[in-house]
Amino acid sequence: MCGILSVVNLSGKSKGAHLMDATHIIKHRGPDDEGFLTWTPGKTPEIWAGDDTAASTKDHWKYKQLAADAGFKVGFGHRRLSILDLSPAGHQPTLYQKAGLAITYNGEIYNYLEIKVELERLGHWFLSTCDTEVILHAWAEWGAKCLDKFNGMFAFVMLDYNKNELYAVRDRFGVKPLYYYKSDDAIYFASEIKQIRTAPGYKLSMSEVVARQFLATGAVDHTEATFDTQIKHVPCGHYIYIDLSKDAGTFQKKKWYTLKPAKWSGSYDEAVVQFRNLLTDAISLRLRSDVKVGSCLSGGLDSSSIVCIAADLLKKKGEYAGQETVTACYDNAKYDEWNFAQEVIKKTNAHAHRVFPGFKQLQQEIDAFLWHQDEPVGSTSAFSQWSVFKATNEAGLKVMIDGQGADEQLAGYGGNTLPLYAGLLGKARLVSLYDEARDFKKNNGAWPYGFLLGAMQLTFGKGFTSVLPQKLKLKQQTIDWLSTPASATIYHTPARTLQENLFRQLYEEPLPALLRYEDHNSMAWSVESRTPFLDYRLLEFTMGLPEYYIYKRGVRKVLLRDAMRGILPPAIENRKDKMGFVTPEEVWLKGEGKDWFVEGVEQALKLLPAMFDTVKVRAFCADMIESKIPFDFTIWRILSFGKWYASMI
């Protein structure tokens, strides 16, 4: 896990100093080593040391220091967090001169050992035990088609200096970030936006469209756009191709991966076994490391499943010492999951670390937290995650396994009921629909008339909706405290099937934002976070299952629950509530943090008065603080946005 940079020099003005500035600013992503590469057409690339290059690397490779005035056509920068092959052989950027390839790479190819064996059979031989070298040889053997073989999380830039080609590649689901920016002088590819902000002449060009949508809905990262109109994401499952022999100011964006659900023809019981096998193998692959691997443990279904499966895998390998886990805890029982986490710890013999994120810590660390995130965040739950990774670093752990991605494929969120009902109705599965409604009544004490009526509107369309009284029609909530009223959702209509809704959650909202939070929070503390639920084999399997295998009889994640019978503690198996990285934000807002939250909102109103209806914002905040309206994350969003913007001007 690392931080990367590539600069394509369009005007000749970019120099070695620019590579060093944009690489040094992400030292947190790779405190163990630093390296640079420069290339001029017609020559072999040169690898250089920097101020933070490890002494062992300098001694081994005899690299010279990169000069501040060094010129180049393509430059690479790299910060290394050493996870695989801790020796100087794992140093980056890396050259494969026989094939004319150079790479700067961030991430992990979990199945690199299997690919390495395949390549060795084809005549390749290796100098290191790291996955970086496997990528280079795989690219030399199969070209961009090698991406289909990779099971991992990755973002890398590959230079084919014999063909004058450059590729900037992002993994299937965007677990690892990759941003790009084009000025008159250069094209930047980078792990974090703050690297791009070091570019000569850079100045923020804020996207009001993105800002307003974030303020109204909380959604971010659901498109290629960022809060800066000049900076974009390389979309997940895509790469950008540049022909360096032509006008390098133009490039092609190509999609290399499309999630194609594998239609399931077996029984439900067989699906349970297959799911458990796939998840177990995904976790097994993510335990590969030359440093200790720990686990984030909330006490919820997802993280508890990972810890329990990992414990069994480690025991089979003869490793009985127990994992190390980190859990966010709170003195307020409403927000605390420690009792559940303890059940897992007892069962697995894990060594637990606890952290207690508090309001005073939030006050003290918010500037650093938002600086690392680069953009505003939707709630303080991301701060709870920040605190977990801070404690991870303090515990001396460099790799953690986390449960991100389970909710999005297994209907873990509450908003999946309407599309489930609509899908059943649309397929005329009336008996199943009745069973769902009956179980809803059993669990909640009332029939789900609203969901049923909504499902009929989505299924039967305008002809049915037109005869309904206005109060019964599906409608979108409108946010009226912005200067221009906006929808409270990024979608025009609700999803019409559960699968459609799950795809939205995977590719639009909330997963892309959660992955950015997780990457930036973990790397802020020099920790690699691995997400087995985002193994592409698992996703292709779950997304091809009948919907009632995922959400059945009012129970979400039913497949995971049944797959983990006898593996999880009973208290976890039967949990129906969902918390996640929750914080007592409402308590802070209405208690010790009230003045601070209000001051944060006032800062945003002062800095960007044209964005808001100031009177309505103040009235809204007062009503929420006084509990006249239900709590949500709106006040935090305004505060977060204001503090971010203040740091940019």
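Above this text you will find the structure in question.
Only a predicted model underlies this, so the values are computations on that prediction, with no experimental measurement involved.

Novice: Hey, could you run me through the packing of helix 10 (residues 359-373) against helix 11 (residues 381-394) in this one?
Specialist: Axes are the key here: two packed helices are described by the angle between their axes and the distance separating the axes. Where helix 10 meets helix 11, the axes come as close as 11 Å, and the angle between the chain directions of the two elements is 90°. In terms of orientation, helix 10 and helix 11 fall into the roughly perpendicular class. Two secondary-structure elements touch here, helix 10 through Gln361, Leu362, Glu365, Ala368, Phe369 and His372 and helix 11 through Ala382, Phe383, Trp386, Ser387 and Lys390. Partitioning the contact of helix 10 with helix 11 into residue classes produces 6 nonpolar, 3 polar and 2 charged.

Novice: Would you explain the side chain of histidine 372 in this entry?
Specialist: Relative to the elements of secondary structure, histidine 372 occurs in helix 10. Aside from chain neighbours lying at most four places away, what touches histidine 372 is His28, Glu192, Lys194, Trp386, His520 and Ala524.

Novice: Sorry if this is basic, but what is going on with the layout of surface pockets here?
Specialist: Empty pockets left among the atoms are what a rolling probe the size of a water molecule brings to light. Considered as a void within the structure, the second largest pocket measures approximately 590 Å³ in volume. Looking at the lining of the second largest pocket, the element that brings in the most residues is helix 4 (residues 131-142), giving 5 residues. Split by residue class, the lining of the second largest pocket holds 14 nonpolar, 9 polar and 2 charged.

Novice: Please clarify how the sheet that holds strand 12 (residues 238-243) should be interpreted in this entry.
Specialist: The pairing of strands in a sheet happens through backbone hydrogen bonds and is either parallel or antiparallel. If you trace the 6 strands from one edge of the open sheet to the other, you get 5-6-7-8-12-13, paired in antiparallel fashion. One side of each edge strand has no neighbouring strand; the edge strands of this open sheet are strand 5 (94-96) and strand 13 (252-255). This sheet shows a mean twist of 25° between the axes of neighbouring strands, independent of strand direction. Inspection of the sheet shows strand 6 (residues 101-109) paired to strand 7 (residues 152-160) by 9 bridges, in the antiparallel sense. In the strand pairing of strand 7, tyrosine 105 is matched with phenylalanine 156.

Novice: In this structure, what is going on with the sheet that holds strand 1 (residues 2-9)? I would like to understand it.
Specialist: Taken together, 7 strands build an open sheet; the order of strands is 3-2-4-1-10-9-11 and the sheet is antiparallel. In the strand order of this sheet, the two ends are held by strand 3 (46-48) and strand 11 (231-233), each with one partner. Averaged over all pairs of adjacent strands, the angle between their axes in this sheet comes to 15°, without regard to strand direction. Alignment of strand 2 (residues 33-39) against strand 3, held across 3 bridges, turns out to be antiparallel.

Novice: How should the pairing of strand 7 be read in this particular structure?
Specialist: Along any regular strand the residues' side chains alternate between the sheet's two faces. A large share of strand 7 lies buried, amounting to 9 of its 9 residues. Burial of the side chains of strand 7 extends over both faces: Gly152, Phe154, Phe156, Met158 and Asp160 are buried on one face and Met153, Ala155, Val157 and Leu159 on the other. Where strand 7 and strand 8 (residues 165-170) come together, 6 bridges link them in antiparallel fashion. Among the inter-strand pairings, alanine 155 is bridged to a residue of strand 8, identified as arginine 170.

Novice: Explain the environment of histidine 353 to me, please; I cannot follow it from the model alone.
Specialist: Of note, histidine 353 is situated in strand 16 (residues 351-355). Its relative accessible area of 25% is what places histidine 353 among the partly exposed residues. Setting aside residues up to four positions removed in sequence, histidine 353 forms contacts with Glu324, Thr325, Val326, Thr327 and Ala395.

Novice: Looking at this model, I keep getting lost on the side chain of serine 529. Mind explaining?
Specialist: Following the sequence through the fold, serine 529 ends up in strand 20 (residues 528-530). At 2.3 Å, the side chain of serine 529 forms a polar contact with the side chain of glutamate 518.

Novice: Got a minute to help me understand helix 13 (residues 417-426) in this structure?
Specialist: Each α-helix winds once per 3.6 residues, and so residues spaced three or four apart point in a common direction. Counting buried residues in helix 13 gives 9 out of 10 residues, a clear majority hidden from the surface. Residues Thr417, Leu418, Pro419, Leu420, Tyr421, Ala422, Gly423, Leu424 and Leu425 constitute the buried set of helix 13. Packed against the buried residues of helix 13 are helix 14 (430-444), helix 15 (449-460), helix 17 (498-507) and strand 21 (551-552). Phi turns positive, to about 60°, at alanine 428, one or two residues after helix 13.

Novice: Before we go on, may I ask you to explain the pairing of strand 6 in this structure?
Specialist: Most of strand 6 is tucked away: 9 of the 9 residues are buried. Pairing between strand 5 and strand 6: 3 bridges, direction antiparallel. Across the sheet, the residue bridging to leucine 95 is alanine 102, located in strand 6. Linkage of strand 5 to strand 6, two consecutive antiparallel strands, is achieved through a turn of 4 residues, within which glycine 100 is found at a positive phi near 70°.

Rules behind the numbers
Residues numbered from 1 in each chain as written. Predicted model: local features only at pLDDT ≥ 70, side-chain atom pairs only at ≥ 80, totals over all residues. Heavy atoms only, no water. Axes fitted to C-alpha atoms, helices over the stretch in contact; angles between N-to-C directions. Helix = DSSP H or I, 4+ residues; strand = E, 2+ residues; numbered from the N terminus. Parallel < 35°, antiparallel > 145°, perpendicular 65-115°, else oblique. Contact = heavy atoms within 4.5 Å. Nonpolar A, V, L, I, M, F, W, Y, C, P; charged D, E, K, R; others polar. 1 Å grid on protein atoms, 1.4 Å probe; cavity = no way out; pocket = protein on both sides within 12 Å on 5 of 7 lines; lining within 4 Å. Points joined across faces, edges and corners; volume = space filled by probe spheres on them. Pairing = 2+ DSSP bridges. Buried < 20%, exposed > 50% of the residue type's maximum accessible area, 1.4 Å probe, protein only. Polar contact = N/O pair within 3.5 Å; in protein donor to acceptor, adjacent residues only side chain to side chain.

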